[in-house]
Amino acid sequence: MSRQPGSPEWFRALRPRPAPRARLFCFPYAGGSDFVFREWPRHLAPDVEIHAALLPGRASRISAEPLTSISAMAERLAEGVRPLLDRPFAFYGHSMGAFIAFEVARRLRSGAGAGPAHLFVGGCRAPQLPDPDPPIHGLPDEEFVANLRRLNGTPAEVFEHPELMRLMLPLLRADFEAVESYVYEPGEPLACRVSAYGGLRDTLVAREQLEGWREQAAGDFSLSVFDGDHFFLQQSAPQLLRALDRELARLVG
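Below: a short report on this structure. Note that residues are indexed from 1 along each chain, following the sequence as it is written. Per-residue local features of the predicted model are confined to residues with pLDDT of at least 70, and side-chain atom pairs are confined, for both listing and counting, to 80 or more; whole-chain, interface and lining totals are unaffected and use all residues. Hydrogens and water are ignored here; the side-chain numbers use all heavy atoms of the structure.

1. Details of the packing of helix α1 (residues 70–81) against helix α2 (residues 96–110)
We apply this condition: Lines fitted to the C-alpha atoms define the axes, with helices restricted to the stretch that makes contact. Angles between their N-to-C directions range from 0 to 180 degrees. Numbering of helices and strands starts at the N terminus; helices are DSSP runs of H or I of at least 4 residues and strands are runs of E of at least 2. Should an angle fall under 35 degrees it is taken as roughly parallel, and over 145 as roughly antiparallel, whereas 65 to 115 is taken as roughly perpendicular and any remaining angle as oblique. Should the near helix be turned anticlockwise from the far one by less than a right angle, the crossing is left-handed, and should it be turned clockwise, the crossing is right-handed. Throughout, a contact is declared for two residues whenever any of their heavy atoms are within 4.5 Å.
Running from N to C, α1 and α2 cross one another at 55°; their axes reach a closest spacing of 8 Å. With respect to α2, the axis of α1 lies oblique. For the crossing formed where α1 meets α2, the hand is right-handed. Residue-level contacts link I70, S71, M73, A74, E75, L77, A78 and V81 of α1 to M96, F99, I100, E103, V104, R107 and L108 of α2.

Here is the structure:
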C-alpha cells in the first residue's frame, strides 16, 4: 500500500499474499488490537488476505493518542483502506469494531468506491438500537474497573495483571467513550450480505439486539450463535472461523 511519508498506516496484512483473490479487514473490540486476529490467516483460505486495523493507542501505535469517536476512527480507516480495495473484500468487526466496520462501509458507499461484499459483526447490538447501559467512561478508576468487570466487555486476563490494567485504563476509557458517544444516523441499508454473530452466554448483547442488524442489510442476512460469552471469537474460534471460511468462499468463488 502506498502512503505519504510520515502518514500513519491504518491496516496491516497479518500474512501477506502475493496475489490474494479477496481481502478480509478486521476491526477489534474496545482495548483490542491487531493481535486479536493474529491466528486467523492459519485457519482461513490461503487466497484470502487478512488485514487488521491499526488503531492509535495500542500495539505498534501505542504512542499515538487514542481516538474517542467512532466517527473519527471510521473517517481515518476509510481513507486508509481505499488503496487496498482492488480485490473483492469483506469486513469483520467485534463489539466496538462492529460499529467501526459498519461506519467505514457507509463511508465507502458514499464515496467513489464500492462497499464490502459482506459485513460480519460479532458481539454488538444493531447500531439503530439504544445503549441499555449508562455511560461509564468518566467514572473514577475503581468504579470504572468494577463496571468493566460487571459488563464483561474486557478480556479477563487484563484484570489479572494490575500493571497491565493501569497501562490499559486510558485506552479503555477512550474506547468506551467512543462507543458510548456513538450516534447512529439513519440511512439506507448496506447493499451487501450481513452476518451477525453472538455468544450463547453473552450478557452484554442479547439475541434480539443482534437480530436488529437485519435492518441494515439490503441483501441477505444471517444470525449465528456460538458457545461462549462476549468473547466467543476466542472461546469458539474454530467454529467461528469455519463459518467465516464458508462465507468468504463466495468472494473467491
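2. Some thoughts on the packing of aromatic side chains
To keep it simple, the criterion reads: Only centres within 6.5 Å qualify two rings of Phe, Tyr or Trp (six-membered ring in Trp) as a pair; their planes then separate them into stacked at under 30 degrees, edge-to-face at over 60, and tilted for everything else. Here's how the labels work: a residue is buried when its accessible area is under 20% of the maximum for its type, exposed when over 50%, partly exposed in between, all with a 1.4 Å probe on protein chains only.
In the structure shown here, the tally under the stated rule is 17 aromatic pairs. Ring geometry for F37 against Y92: centres 6.4 Å apart, planes inclined by 75°, an arrangement best described as edge-to-face. Of this pair, F37 sits in the loop between β2 (22–27) and β3 (48–53) while Y92 sits in strand β4 (residues 89–94); the two residues are 55 residues apart in sequence, bridging distant segments of the chain. Note on F37: relative accessible area 0%, which makes it buried.

3. Concerning the nonpolar core
Note the cut-off: Side-chain atoms within 4.5 Å link the members of a nonpolar core, which is a set of buried Ala, Val, Leu, Ile, Met, Phe, Trp, Tyr and Cys residues.
F27, L77, F91, L119 and W213 are the most contacted members of the largest nonpolar core, which totals 57 residues. Of the residues forming this core, the biggest block, nine residues, is contributed by α2. With near-sequence residues (within four places) excluded, W213 lies in contact with A98, F102, L119, V121, C124, R125, A126, P127, V194, A196 and F221. Formed by 28 residues, the second largest nonpolar core is a distinct cluster that contains Y29, V36, F226 and V252.

4. Overview of the side chain of R58
Its location among the elements puts R58 in the loop between β3 and α1. With residues up to four places along the chain from it excluded, the contact list for R58 reads Y29, G31, G32, S33, M96, L171 and D175.

5. So, the pattern of salt bridges
Here the idea is simple: oppositely charged side chains can pair when their charged atoms come close. Note the cut-off: Think of a salt bridge as a Lys or Arg side-chain nitrogen and an Asp or Glu carboxyl oxygen that are within 4 Å of each other.
Summed over all chains, the structure comprises 18 salt bridges. Here E103 ties to R107 by a salt bridge, and the two come within 2.8 Å at their closest N and O atoms. Note that E103 and R107 are positioned in helix α2 at a spacing of four residues, about one turn of the helix. As far as the burial class goes, E103 and R107 line up, both buried. The residue E247 makes a salt bridge to R193 at a minimum N-O spacing of 3.0 Å. Here the residue E247 occupies a position in helix α8 (residues 237–252), and R193 occupies one in strand β6 (residues 193–199), the gap between them amounting to 54 residues.

6. Brief notes about the sheet that holds β6
Operational definition: Strand pairing is assigned whenever DSSP identifies at least 2 bridges connecting the two strands.
The seven strands are arranged β1-β3-β2-β4-β5-β6-β7 in an open sheet whose pairing can be described as mixed. The two strands at the open ends of the sheet, each matched to only one other strand, are β1 (11–13) and β7 (221–226). Here the average twist between neighbouring strands, direction ignored, is 20°. In the sheet, β2 pairs with β3 via five bridges, with the strands oriented parallel. If you follow A22 over to β3, its bridge partner there is V48. Lying over the sheet, α1 contacts β1, β2 and β3, oriented at roughly 45° with respect to β1. With respect to the sheet, α8 is in contact with β2, β3, β4, β5 (118–122), β6 and β7, its orientation differing from that of β6 by roughly 175°.

7. Some points on α1
For an α-helix, 3.6 residues make a turn, and residues three or four places apart therefore share a direction. Cut-off, in case you're wondering: What a helix is expected to span follows from its residue count: subtract one and scale by 1.5 Å. In protein, a polar contact requires one atom able to donate a hydrogen and another able to accept it; more generally it is a pair of N or O atoms within 3.5 Å, and residues adjacent in sequence count only if both atoms are side-chain atoms.
With twelve residues, α1 should reach 16 Å at 1.5 Å per residue; the first-to-last C-alpha distance of 16 Å fits that figure. Taken together, the buried positions of α1 are I70, A72, M73, A74, L77, A78, G80 and V81. Of the surrounding elements, those touching the buried residues of α1 are β1, β2, β3, α2 and α5 (162–180). The N-terminus of α1 is capped by S69, whose side-chain oxygen sits 3.2 Å from the backbone nitrogen of S71.

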